[in-house]
Amino acid sequence: MTGYAVRKEYRSLLVSPVSMRHGLISHIQKEVELHKKQGGGEIILKCNQLVDKKIIKELYRASMAGVRVRLIIRGICCLRSGIEDLTDNIRIISIVGRFLEHSRIYIFGTETRARIYIASADFMTRNTTRRVEVAVPIEDVDLRARIQEMFITMLSDNVKAREQQPDGTYVCLTPEENAPLNSQEYFFDAAYAAAENNNFR
């Protein structure tokens, strides 16, 4: 990966600078095609920054095709959500709380057919085209289910989450009818409870 014998193709990994961006775009396009055939298309992405113009363009196309796109972008985000006939199928939130998160997780599809990756790369051209970065597919059934459940919790955060508006501003989410949910504190408490019960996975 970092030596002189640079590989251009990998069986399972997405690796920049050779295949990361192409692989991500391919997964987005496949989800669009599946959605056109059978509906229910969904893309969920979590990273720190979203700047790569080519990936943003594909997410626009996915939204216009009717694919539901949900993004958790902590920092810089150059994509605008909620624009009629362009990104009205895209929801973007930023979660900034007690802990500085650096997880990058990509999910293409839903439930058992979902293709799930954990990765080192943000969606910036320096990550997708110039650095050595890796995205690893999650094959273990229990881990896949756990990651999907974690996203349900993060996307339900109504304490530390800020939701992007069509003009690029962010608004705080307020609990209203639902009980307050701080996703970071929820995971913190769950980790301690699991450790105390010797069930730390």
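Here the structure is a predicted model, which is why all the values come from computation and not from measurement.

Engineer: Explain the overall build of the protein chain to me, using residue names and the numbers behind them.
Structural biologist: Secondary structure assignment for the protein chain yields 5 helices and 9 strands. Helices (α) and strands (β) of the protein chain occur, in sequence order from the N terminus, as β-α-β-α-β-β-β-β-α-β-α-β-β-α. Taken over C-alpha atoms, the radius of gyration comes to 17 Å for the protein chain, in line with the 17 Å a tight globule of 201 residues would show. In the protein chain, which comprises 201 residues, the share counted as buried stands at 43%. In the form shown here, the protein chain has an accessible surface area of approximately 11400 Å², with 52% of it arising from carbon and sulfur atoms. Side-chain charges in the protein chain split into 29 positive and 25 negative, and the spacing between the mean points of these groups amounts to 9 Å.

Engineer: Give me the lowdown on unusual backbone geometry, citing residues and values where you can.
Structural biologist: The omega angle of the peptide bond from serine 16 to proline 17 is 10°, so this bond is cis rather than trans. Tracing the backbone shows proline 17 in the loop between strand E1 (14-16) and helix H1 (20-38). One non-glycine residue, aspartate 85, lies in positive phi territory at about 65°. Inspection of the secondary structure assignment puts aspartate 85 in the loop between strand E3 (68-73) and strand E4 (90-95). Phi at glutamate 111 is positive, roughly 50°, even though this residue is not glycine. Tracing the backbone shows glutamate 111 in the loop between strand E5 (104-108) and strand E6 (115-119). Judged by its relative accessible area of 63%, glutamate 111 falls in the exposed class.

Engineer: Describe the environment of isoleucine 93, with residues and values.
Structural biologist: In this structure, isoleucine 93 sits in strand E4. Its relative accessible area of 1% is what places isoleucine 93 among the buried residues. Remark: the alpha-carbon pair of isoleucine 93 and isoleucine 73, spanning 20 residues in sequence, is separated by 6.3 Å. With residues up to four places along the chain from it excluded, the contact list for isoleucine 93 reads Leu71, Ile72, Ile73, Met154, Leu155, Ala161, Arg162 and Glu163.

Engineer: For the pairing of strand E8 (residues 161-164), give the residues involved together with the corresponding values.
Structural biologist: For E4 and E8, the ladder comprises 3 bridges, and the chain directions are antiparallel. Opposite isoleucine 93, over in E8, you have glutamate 163 as the bridge partner. As defined by bridge partners, E8 adjoins strand E9 (residues 170-172) across 3 bridges and the pair is classed as antiparallel. Bridge assignment links arginine 162 to a residue of E9, and that residue is cysteine 172. In textbook terms, the turn of a hairpin is the stretch between consecutive antiparallel strands, and for E8 and E9 this stretch comprises 5 residues, one of which, glycine 168, has a positive phi near 95°.

Engineer: Can you lay out helix H5 (residues 183-196) for me, pointing to particular residues and giving the numbers?
Structural biologist: The terminal C-alpha atoms of H5 lie 20 Å apart, and with 14 residues this matches the ideal 20 Å at 1.5 Å per residue to within 8%. For H5, the set of buried residues is Ser183, Gln184 and Ala194. Down the axis of H5, the buried side of the element spans an arc of 100°, and every buried residue falls inside it. Where H5 is buried, its residues contact E4 and helix H4 (141-155). Measuring from the side-chain oxygen of the N-cap residue of H5 to the backbone nitrogen of glutamine 184 gives 3.2 Å; that N-cap residue is asparagine 182. Following H5 by one or two positions, asparagine 198 has its phi on the positive side, about 55°.

About the thresholds
- Residues numbered from 1 in each chain as written.
- Predicted model: local features only at pLDDT ≥ 70, side-chain atom pairs only at ≥ 80, totals over all residues.
- Heavy atoms only, no water.
- Helix = DSSP H or I, 4+ residues; strand = E, 2+ residues; numbered from the N terminus.
- Rg over C-alpha atoms; globule rule 2.2 N^0.38 Å.
- Buried < 20%, exposed > 50% of the residue type's maximum accessible area, 1.4 Å probe, protein only.
- Areas by Shrake-Rupley, 256 points an atom, 1.4 Å probe, with all protein chains shown as cover.
- Lys, Arg positive; Asp, Glu negative; His and termini not counted.
- Charge placed at Lys NZ, Arg CZ, Asp CG, Glu CD.
- Contact = heavy atoms within 4.5 Å.
- Pairing = 2+ DSSP bridges.
- Expected span 1.5 Å × (residues − 1).
- Arc of directions from axis to C-beta.
- Polar contact = N/O pair within 3.5 Å; in protein donor to acceptor, adjacent residues only side chain to side chain.

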